[in-house]
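# Summary of structural features
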Amino acid sequence: MICFSSQNHYLFMQEAIAEAKKAFTEDEIPVGALLVKNNTIILKEHNRSRQLANPLAHCEKLLIDKILTSEPGFLYDYTLYVTLEPCLMCAGMIILSKIGTVVYGAKDPKTGVVGSLYNVLNDKSLIIILSLLAEFWNKNVPSCWRNFSAKKEHYKIKRRVAGVVERDGLENRCTFFTGTQGSNP
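To keep things clear, this report deals only with the structure shown in the data block. (Residues numbered from 1 in each chain as written. Predicted model: local features only at pLDDT ≥ 70, side-chain atom pairs only at ≥ 80, totals over all residues. Heavy atoms only, no water.)

### Let's talk about the overall build of the protein chain
In terms of regular secondary structure, the protein chain is built from four helices and seven strands. Of the regular secondary structure in the protein chain, the N- to C-terminal order runs α-β-β-α-β-α-β-β-α-β-β. Residues counted as buried form 38% of the 185 residues belonging to the protein chain. Within the protein chain, contacts between residues separated by at least 24 positions form 54% of all contacts whose residues are at least 6 apart in sequence. Per element, the accessible surface of the protein chain, about 10,600 Å² overall, is 58% carbon and sulfur. (Helix = DSSP H or I, 4+ residues; strand = E, 2+ residues; numbered from the N terminus. Buried < 20%, exposed > 50% of the residue type's maximum accessible area, 1.4 Å probe, protein only. Contact = heavy atoms within 4.5 Å. Areas by Shrake-Rupley, 256 points an atom, 1.4 Å probe, with all protein chains shown as cover.)

Right, dumping it as structure tokens:
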């Protein structure tokens, strides 16, 4: 448990970035998160989708699952720091667990629903009381993503050379390629 004397978003985001870097070194998607209560880090986590062979093992979900096993109930007094804008699944968990404040590092234009594609946390049809500090941009967050993207591209090139064709995150091992692959002949 790490304790800071005052609410300092920069220090907490640095801790979340450290978790994202752990994910990167473990060949995971580099997203890190932490839960803070009373200026104290309660839990830290990073994505573990590949390690757990579970596409739902996002760091936000892992944190919320862990905290709710030890502290059942709503999380009004908690602040969630996450390096990347939450997806729809994670935003839904944030809403249902009633986390009091969300601070995220960088926008996710592909799957982010806290400002990029949609802002589910500000949807007036939902009854939520939530403080959102959107896009607490930190210069280290984008560099973490650039490094991951470069590593991912290098990995894709190596796999193409090895005869593995990837489409939208799925892979097909082929001995030959036909013009009808991926369609109904």
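### Describing the packing of aromatic side chains
With the rule as written, the count across this model stands at two aromatic pairs. With 5.1 Å between their ring centres and 40 degrees between their planes, F12 and Y81 make a pair best called tilted. Of the two residues, F12 sits in helix α1 (residues 9–25) while Y81 sits in strand β3 (residues 78–84), which places them 69 residues apart along the sequence. Y81 shares its class with F12; the two are buried. Across the ring face of F74, the terminal group of K98 is positioned such that the distance to the ring centre comes to 5.2 Å. (Phe/Tyr/Trp six-rings, centres within 6.5 Å; stacked < 30°, edge-to-face > 60°. Lys NZ or Arg CZ within 6 Å of the ring centre and 35° of its normal.)

### So, the state of the cysteines
Here the structure, examined in full by the defined rule, presents zero disulfides. A disulfide-free cysteine, C59 has its sulfur positioned 6.9 Å from the sulfur of C90, the nearest such atom. Assessed through its relative accessible area of 0%, C59 is described here as buried. (Disulfide = S-S within 2.5 Å.)

### Thoughts on the pairing of β3
For β3, a buried count of seven out of seven residues is recorded, marking the element as mostly surrounded by other parts of the structure. In this sheet, β3 lies alongside strand β1 (residues 32–37) in antiparallel orientation, the contact comprising five bridges. Pairing of L35 across the sheet is with L80, part of β3. Pairing of β3 with strand β4 (residues 101–106) involves five bridges; the strand directions are parallel. For L80, the partnering residue across the bridge sits in β4 and is V102. (Pairing = 2+ DSSP bridges.)

### A closer look at the environment of T79
Following the sequence through the fold, T79 ends up in strand β3. On a C-alpha basis, the gap between T79 and G100 in space is 6.0 Å, while along the polypeptide they are 21 residues apart.

### Section: unusual backbone geometry
Positive phi, close to 60 degrees, is recorded for N39, a residue that is not glycine. The residue N39 is located in the loop between β1 and β2 (40–46) in this model. Positive phi, close to 50 degrees, is recorded for A53, a residue that is not glycine. Here A53 shows up in the loop between β2 and α2 (59–70).

### What about the packing of α2 against helix α3 (residues 88–97)?
Contact geometry for α2 and α3: axes closest at 9 Å, N-to-C directions at 25 degrees. On the basis of their axis angle, the class for α2 and α3 is roughly parallel. The element α2 and its partner α3 pack so that their crossing is left-handed. Residue-level inspection shows E60, K61, I64, D65 and L68 of α2 in contact with α3, the latter providing M89, C90, M93, I94 and S97. (Axes fitted to C-alpha atoms, helices over the stretch in contact; angles between N-to-C directions. Parallel < 35°, antiparallel > 145°, perpendicular 65-115°, else oblique. Left-handed = near helix turned anticlockwise from the far one by under 90°.)

### Here we look at α3
Listed in full, the buried residues belonging to α3 are C90, A91, M93, I94, I95 and S97. On its buried side, α3 packs onto α2, β3 and β4. K98 occupies a position one or two residues after α3 and carries a positive phi of about 60 degrees.

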